[in-house]
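Observations on the three-dimensional arrangement
Here is how the chains run, residue by residue.
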Amino acid sequence: MFSKILIANRGEIAVRVIKTCRRMGIKTVVVYSDADAGSLACEMADETVHIGPSPAAQSYLIQDKIVDAVKQTGAQAVHPGFGFLSENASFARRLKAEGIAFIGPNPEAIEAMGDKISSKKLAAEAGVSTVPGHMGLIETPEEAVRIANEIGYPIMIKASAGGGGKGIRVAHSDADMAEGFAAVKAEALNAFGDDRVFLEKFIVDPRHIEIQVLGDKHGNVVHLFERECSIQRRNQKVIEEAPSPLLDEATRMAMGAQAVALAQAVNYDSAGTVEFVAGQDKSFYFLEMNTRLQVEHPVTELITGVDLVEQMIRSAWGEQLAFKQEDLSIDGWAIESRIYAEDPYRGFLPSIGRLVRYEQPEEGEQDGPDGQYVVRNDSGVREGDEISMFYDPMIAKLCAWGPTREAAVEGMVRALEDTHLSGLGHNVPFLAAVMDQERFRSGQLSTSYIKDEFPEGFHGLKPTVDQERILIAAAMAMHEIIAEQDGDPSDRTDWIVMLDRGMHGVGLSYDEDEAMILTLTGGGDIRLSDIDWRPGLAQFKAELDGEPFTAEVKRAADGFDIRHRAARARVRVLRPHVAEMYARLPEKVAADTSKLVLSPMPGLVVDIPVAVGQEVKTGETVAIIEAMKMQNILKAERDGVVKAVSARAGDPVAADDVLVEFG
């Protein structure tokens, strides 16, 4: 077995590979850029090698620097993780020529499957169902429009070398096609160094289901069942689960057989994923094959008990698979939520900065209302780390396993409650909102789920009746604890709790066990026990009528800002006469920014294609901002004449910086 492996990656996946290597007794080397100096991966590795500036194109994507680091440290193999050089056939071939093992598939398999155009042709030859489309290269927007009209809208525009949700657009019209084609080519060149683009029919109301395959260098290939990855935003997976709530056993076996046939056709000899687009009727079509470890691999590990990183290492060493297809089975259900540094309240735009606080849920077996569940949290950052604009904004992959889907969902809900981050925007409230939705719990998923359920964007959810009780109880408890600490306890037993602008009468008493009893006007009694909070803590934990909960809390000038899952509110504990005065206060009117185009995120200005005095129509592009390898096109929301332009191409901008002002 290898004695030392170099990890040509960063962040969460580097940490993930290190954990398996430690268990196998293998030493690790991590390469790092300027932005990743002092990272968790660097702290955990046995050795580190600096490979250059922060931009990936000057560090993690430079093959010479990776090879030099291998030679410098005496590593015998390279694990590429995902992204960067993980699906680069020339890199795998280069390592082979240098006598360095590549912990991934052979270069020929990468080349055959890594190109989205040739892979579809090979899939068809192997008897795999494929989506209608145009597999030839397309050079100009005009040609793309002509072909799109032949296929029929809607059309998916995809980068041939794409992956990770980048280099993808859906066009519904000729105008969409012309603009999207140019944007995809630019993103593809920037992210992958390859601007080739192809088109395929977009399946309406589809589901995204993928099959995990695993092969060795002796011709053995198995599949480890499916993952459902339909909850996506901008073609980036957000929530994944295994198995899929759509599939029956016959469809599962048919998809698995096709995935194995394709892998065998290219002599696949590592972990890989065959992705399918599936109709609600269980029809399915080949989408692409990812010749690497997937971000969502933990859910497969949780339902099969197979460590995929270990199997990749063993295959690269030359070992045969230690199990056959009939040895594998599905045990329970697992769900993964990707926690991103992005602001769901601002259109999910990237939110970079320092992770001021990061409290993680307890991992391992936990007790829940539906029995025991297991929490796993794969993260590459710690409290105090910086989330950089140069890389993917993922903070963690939070996973929950349960014996049933219902138990896994409940486990995920509790794990999300116990996750606290501050210092930057994050999508934990949004993830909690999805978990609480009846549609998600019913398993009625599609890739348009987020667009369908949140058509106006995400603005949080109104508290349910049960959540109102949680918010009221938490505020009352914190109010009493603070008063006691300040040496100013009140003997008052009747209060008004103001929930945003709603008033709730609350009577306060205690039972013989010192649990807090709250009597709500017209709402019965609440028993609050096992309170775990003191001033300064960002999480309030307690049991409400015997059910544990965690709320995120922050003291405000006149009360508390409290969030429970996707519901948040300003909560004030007031004497009745003070509450009467609050009720008379007018609501604050938001500032008028309708004439301003603001930068929605920190990033770099790619282009501002308008000038002072220019007439602009609704829907026209007024600015393009790049952040975390994605180009974001800002369009005019109204007709107008440009009064001022405050930035130009190449300028760095912060969130809410004014880019363009209309007269």
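See the structure shown above.
Scope of this entry: the structure provided in the associated data block. Model, not experiment: these values are computed from the prediction.

A word on the overall build of the protein chain
Assigned secondary structure in the protein chain consists of 17 helices and 40 strands. Taking 26 Å as the expected radius of gyration for a compact globule of 663 residues, we find that the protein chain reaches 27 Å, a close match to that expectation. The buried share of the protein chain, taken over its 663 residues, is 56%. Long-range pairs, those at least 24 residues apart, make up 64% of the contacts in the protein chain with a sequence separation of at least 6. Put simply, the protein chain shows about 26,800 Å² of open surface, and 49% of that area lies on carbon and sulfur atoms.

Concerning the nonpolar core
Inside soluble globular proteins, nonpolar side chains tend to come together where they are buried. Counting residues in hydrophobic clusters, the biggest one holds 63 residues, and the most contacted among them are Ile 5, Leu 6, Val 31, Ile 66, Val 78, Leu 214 and Ile 313. The element that contributes the greatest number of residues to this core is helix H1 (residues 11–24), accounting for 7 residues. In this view, Val 78 contacts Leu 6, Ala 8, Val 70, Phe 91, Leu 95, Ile 100, Ala 101, Phe 102 and Ile 103; residues no more than four positions away in its chain are not counted. Within the second largest apolar cluster, 40 residues are counted, among which are Trp 333, Leu 355, Tyr 373 and Ala 432.

Concerning the side chain of Ser 446
Within the fold, Ser 446 resides in the loop between helix H14 (438–442) and helix H15 (449–453). Other than its neighbours up to four places away in sequence, Ser 446 contacts Asp 205, Pro 206, Arg 207, Ser 230, Gln 280, Arg 439 and Asp 452.

Some words on the pattern of salt bridges
In the structure shown here, the tally under the stated rule is 59 salt bridges. One salt bridge connects Arg 16 with Glu 301, and the closest N-O pair in it is separated by 2.8 Å. Within this pair, whereas Arg 16 is found in helix H1, its partner Glu 301 is found in helix H10 (residues 297–304), the two being separated by 285 residues in sequence. There is no split in this pair, since Arg 16 and Glu 301 are both buried. Between Glu 417 and Arg 414 there is a salt bridge, with its nearest N and O atoms 2.6 Å apart. Pair noted here: Glu 417 and Arg 414 are both in helix H12 (residues 405–417), with a separation of 3 residues, about one helical turn. For Glu 417, a relative accessible area of 7% translates into the label buried. What makes Arg 414 buried here is its relative accessible area of 16%.

Quick look at the sheet that holds strand E36 (residues 621–627)
The 4 strands are arranged E37-E36-E34-E39 in an open sheet whose pairing can be described as antiparallel. Single-partner strands in this sheet number two, and they are strand E37 (630–635) and strand E39 (652–653). As defined by bridge partners, strand E34 (residues 603–607) adjoins E39 across 2 bridges and the pair is classed as antiparallel. Looking at E39, one finds that Gly 603 is bridged to Val 653. Running over the sheet, helix H8 (residues 174–192) touches E36 and E37 and is turned about 150° from E37.

Topic: the packing of H12 against helix H13 (residues 428–436)
Running from N to C, H12 and H13 cross one another at 155°; their axes reach a closest spacing of 10 Å. Accordingly, the angle class assigned to the pair H12 and H13 is roughly antiparallel. For the pair H12 and H13, the sense of crossing is left-handed. Between H12 and H13, the contacting residues are Val 409, Met 412, Val 413 and Leu 416 on the first element and Val 428, Leu 431, Ala 432, Met 435 and Asp 436 on the second. Residues that form the contact of H12 with H13 fall into these classes: 8 nonpolar, no polar and 1 charged.

Here's the deal with the pairing of strand E23 (residues 394–402)
Along E23, 9 of the 9 residues are buried, which leaves the element largely enclosed by surrounding structure. Sheet topology note: the strand E15 (residues 333–340)/E23 ladder contains 8 bridges and is antiparallel. Bridging from a neighbouring strand, Ile 335 pairs with Ala 400 of E23. For strand E21 (residues 371–379) and E23, the ladder comprises 6 bridges, and the chain directions are antiparallel. Within the sheet, the bridge partner assigned to Asp 378 lies in E23 and is Lys 397.

With respect to the pairing of strand E1 (residues 4–7)
Residues of E1 alternate between two faces, with Lys 4 and Leu 6 on one and Ile 5 and Ile 7 on the opposite face, all of them buried. Strand direction decides the pairing type here: E1 and strand E2 (residues 27–33), joined by 4 bridges, are parallel. Pairing of Ile 7 across the sheet is with Val 30, part of E2. Bridge analysis of E1 against strand E4 (residues 77–79) gives 3 bridges, and the strand direction is parallel.

What to know about the packing of aromatic side chains
All chains considered together, the criterion is met by 13 aromatic pairs. Where Phe 91 meets Phe 102, the ring centres are 6.1 Å apart and the plane angle is 90°; that geometry is what we call edge-to-face. Highlighted residues: Phe 91 in helix H4 (residues 89–97) and Phe 102 in strand E5 (residues 101–102), separated in sequence by 11 residues. Across the pair, Phe 102 and Phe 91 agree in class, each one buried. An aromatic cluster of at least three residues, connected via ring pairs, comprises Tyr 345, Phe 348, Phe 430, Phe 454 and Phe 458. Sitting over the face of the ring of Phe 440, Arg 405 holds its NZ or CZ atom 4.8 Å from the ring centroid.

What about the environment of Ala 556?
Summarising the element assignment, Ala 556 is placed in strand E30 (residues 547–556). For Ala 556 and Leu 246, which are 310 residues apart along the polypeptide, the C-alpha to C-alpha distance reads 46 Å. Excluding its chain neighbours within four sequence positions, the residues that come into contact with Ala 556 are Asp 561 and Arg 570.

Criteria and thresholds
Residues numbered from 1 in each chain as written. Predicted model: local features only at pLDDT ≥ 70, side-chain atom pairs only at ≥ 80, totals over all residues. Heavy atoms only, no water. Helix = DSSP H or I, 4+ residues; strand = E, 2+ residues; numbered from the N terminus. Rg over C-alpha atoms; globule rule 2.2 N^0.38 Å. Buried < 20%, exposed > 50% of the residue type's maximum accessible area, 1.4 Å probe, protein only. Contact = heavy atoms within 4.5 Å. Areas by Shrake-Rupley, 256 points an atom, 1.4 Å probe, with all protein chains shown as cover. Core = buried A, V, L, I, M, F, W, Y, C linked by side-chain atoms within 4.5 Å. Salt bridge = Lys/Arg side-chain N within 4 Å of Asp/Glu carboxyl O. Pairing = 2+ DSSP bridges. Axes fitted to C-alpha atoms, helices over the stretch in contact; angles between N-to-C directions. Parallel < 35°, antiparallel > 145°, perpendicular 65-115°, else oblique. Left-handed = near helix turned anticlockwise from the far one by under 90°. Nonpolar A, V, L, I, M, F, W, Y, C, P; charged D, E, K, R; others polar. Phe/Tyr/Trp six-rings, centres within 6.5 Å; stacked < 30°, edge-to-face > 60°. Lys NZ or Arg CZ within 6 Å of the ring centre and 35° of its normal.

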